[in-house]
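Architecture and fold: a report
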Amino acid sequence: MSRSKRKWEHIQHAITTGQERVTGLDDIVFIHQSLPDTGVSHISLNTKIGELSVSSPIFINAMTGGGGERTMRINRDLAAAAKEFGMVMAVGSQMSALKNAEEEKTYRIVRRENPNGIIIGNLGSEATVEHAKRAVDMIEANMLQIHLNVIQELTMPEGERDFTDALKRIEAIVNGIDCPIIVKEVGFGMNQTVVNKLASIGVKAVDVGGYGGTNFAKIENERRQRLLSFFNDWGIPTAAALAEAKNSGTSIDIISSGGIQTSLDIAKSIALGANLVGIAGYFLKILLDEGVEGLIDEIKLLQEELSLIMTAIGAATIPELQTAPLVISGKTHHWLQERGIDTKQYSQRCIKK
């Protein structure tokens, strides 16, 4: 099967398999503040990722490209929505364009549509320094995302089977290009040991890509004759992965993704330590069902609702929201206790004005 056809199959299966909604974020509850001492007009959604300042903590995470005209239209519309709000946008894996120059236009359209926006390139951990340079140049990327998708590759009938020296290849890219590097999990979560290793080689940010959203094991199982069903429930839920990353003992920036759909999901992600919150599958479904105007309307509502939540909590800024007190219960509490992460640090903290 051609890479282009496989890209389109992934989009179709992502829509039909849907979102798991088992992110663990339902185990997170904010402690109500009767005296929040702020107002909606005081709320700022500005945040930073690495050295880049952005106007919203919400961003359009990696989805597609390399699947011909249909994926080019999707990327064009996603870029238009990102431009509308000054949001960050990541493209899907660019390896298909590196192997077939005809597919470059499906990625270049993003920079053409949003010439001054912050755009994140994307490659897998098999990439070389030369691949990385070409991917960055292709879309004039501000940052480059290296994705880790071991479970997807193992489930994919034609997928990779050898992941030796992935960390060394990522380190070579970190040292070989000027562009800051993000490392992203693809829906199976990231633990604190991995975060530590990535921070030690100079990676600027990690996207925990937690379990609970689009399930790439299920997507690839749709393409198999003999199912590897044991991988369908594999991974670290988003809430636990965020806490793992935050308690890794590093100062690396954290991005939340994996089943994020609501403004409350976004607020909880930030309170667990995220600087940015990426949404992919949910935005893709809205775009395909309602068009770019429907997507723009939804993003506007999410930002307005996030401002209301921050007002209720008494957090006027994203850094203040990152210190809001919350209680962790259920499976997430059990996970963190077993992993040696003190959950009381979250419930007994307070926002300092």
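Residues numbered from 1 in each chain as written. Predicted model: local features only at pLDDT ≥ 70, side-chain atom pairs only at ≥ 80, totals over all residues. Heavy atoms only, no water.

1. A word on the overall build of the protein chain
Secondary structure summary: the protein chain contains 15 helices and 12 strands in total. In terms of overall dimensions, the protein chain is globule-like: its C-alpha atoms have a radius of gyration of 19 Å, near the 20 Å expected for 353 residues. Projected onto its principal axes, the C-alpha positions of the protein chain cover 60 × 40 × 40 Å. Of the roughly 15000 Å² of accessible surface on the protein chain, 49% is carried by carbon and sulfur atoms. (Helix = DSSP H or I, 4+ residues; strand = E, 2+ residues; numbered from the N terminus. Rg over C-alpha atoms; globule rule 2.2 N^0.38 Å. Areas by Shrake-Rupley, 256 points an atom, 1.4 Å probe, with all protein chains shown as cover.)

2. Points about the UniProt feature "domain: FMN-dependent dehydrogenase" (unreviewed entry) in the protein chain
Taking the numbering used here, the UniProt-annotated feature "domain: FMN-dependent dehydrogenase" (unreviewed entry) corresponds to residues 167-324. With 51% helix and 10% strand, residues 167-324 has its two end C-alpha atoms placed 34 Å apart. (UniProt positions renumbered as here; feature names shortened; annotations may be inferred.)

3. Concerning a nonpolar patch on the surface
Side chains of Val29, Ile31 and Val327 sit close together on the surface and give an oily, nonpolar patch of about 210 Å² of accessible area. Along the polypeptide, Val29 turns up in strand 1 (residues 28-30). The class of Val29 is partly exposed, set by a relative accessible area of 47%. (Patch = residues over 30% accessible without salt bridge, like charges linked within 9 Å, V, L, I, M, F, W, Y side chains within 5 Å. Salt bridge = Lys/Arg side-chain N within 4 Å of Asp/Glu carboxyl O. Buried < 20%, exposed > 50% of the residue type's maximum accessible area, 1.4 Å probe, protein only.)

4. Comments concerning helix 12 (residues 281-313)
With 33 residues, helix 12 extends only 28 Å from end C-alpha to end C-alpha; this falls clearly short of the ideal 48 Å at 1.5 Å per step. Maximal helix bending in helix 12 amounts to about 130°, located at Glu290. Positive phi appears at Gly314, one or two residues downstream of helix 12, with a value of about 90°. (Expected span 1.5 Å × (residues − 1). Bend = angle between axes of the 7 residues up to and from the residue.)

5. So, the pairing of strand 8 (residues 181-185)
Working note: regular strand, side chains alternate between the two faces of the sheet. Most of strand 8 is tucked away, with five of its five residues classed as buried. Here five bridges tie strand 7 (residues 143-148) to strand 8, and the two strands are oriented parallel to one another. Opposite His147, over in strand 8, you have Lys184 as the bridge partner. Sheet topology note: the strand 8/strand 9 (residues 205-207) ladder contains three bridges and is parallel. Residue pairing for strand 9: Val183 is matched across the bridge by Val206. (Pairing = 2+ DSSP bridges.)

6. Some details on the packing of aromatic side chains
Describing an aromatic ring pair means giving the distance of the ring centres and the angle of the ring planes. The tally for this structure, following the rule as stated, stands at three aromatic pairs. With a centroid separation of 5.2 Å and 75° between ring planes, the pair formed by Phe231 and Trp234 is classed as edge-to-face. By relative accessible area, which is 10% here, Phe231 ends up buried. (Phe/Tyr/Trp six-rings, centres within 6.5 Å; stacked < 30°, edge-to-face > 60°.)

7. Things to note about the UniProt feature "binding site: Mg(2+)" (unreviewed entry) in the protein chain
Under the UniProt annotation, the feature "binding site: Mg(2+)" (unreviewed entry) is placed at Glu153. Note on placement: Glu153 falls in helix 6 (residues 150-155). If sequence neighbours within four positions are ignored, Glu153 has contacts with Gly159, Glu160, Arg161 and Phe163. (Contact = heavy atoms within 4.5 Å.)

8. Comments concerning a negative patch on the surface
Taken together, the side chains of Glu84, Glu290, Glu293 and Asp297 present a region of like negative charge at the surface. With three residues, the single largest contributor to the negative patch is helix 12. Along the chain, Glu290 turns up in helix 12. Taking relative accessible area as the criterion, Glu290 reaches 54% and is therefore assigned exposed. (Lys, Arg positive; Asp, Glu negative; His and termini not counted. Charge placed at Lys NZ, Arg CZ, Asp CG, Glu CD.)

9. Looking at the pairing of strand 10 (residues 253-256)
Residues Asp253 and Ile255 point to one face of strand 10 and Ile254 and Ser256 to the other, with burial holding for every one of them. One ladder, built from three bridges, connects strand 9 with strand 10; its direction is parallel. Opposite Asp207, over in strand 10, you have Ile255 as the bridge partner. As paired elements, strand 10 and strand 11 (residues 276-279) share two bridges and run parallel to each other. Directly across from Ile255, in strand 11, lies its bridge partner Leu276.

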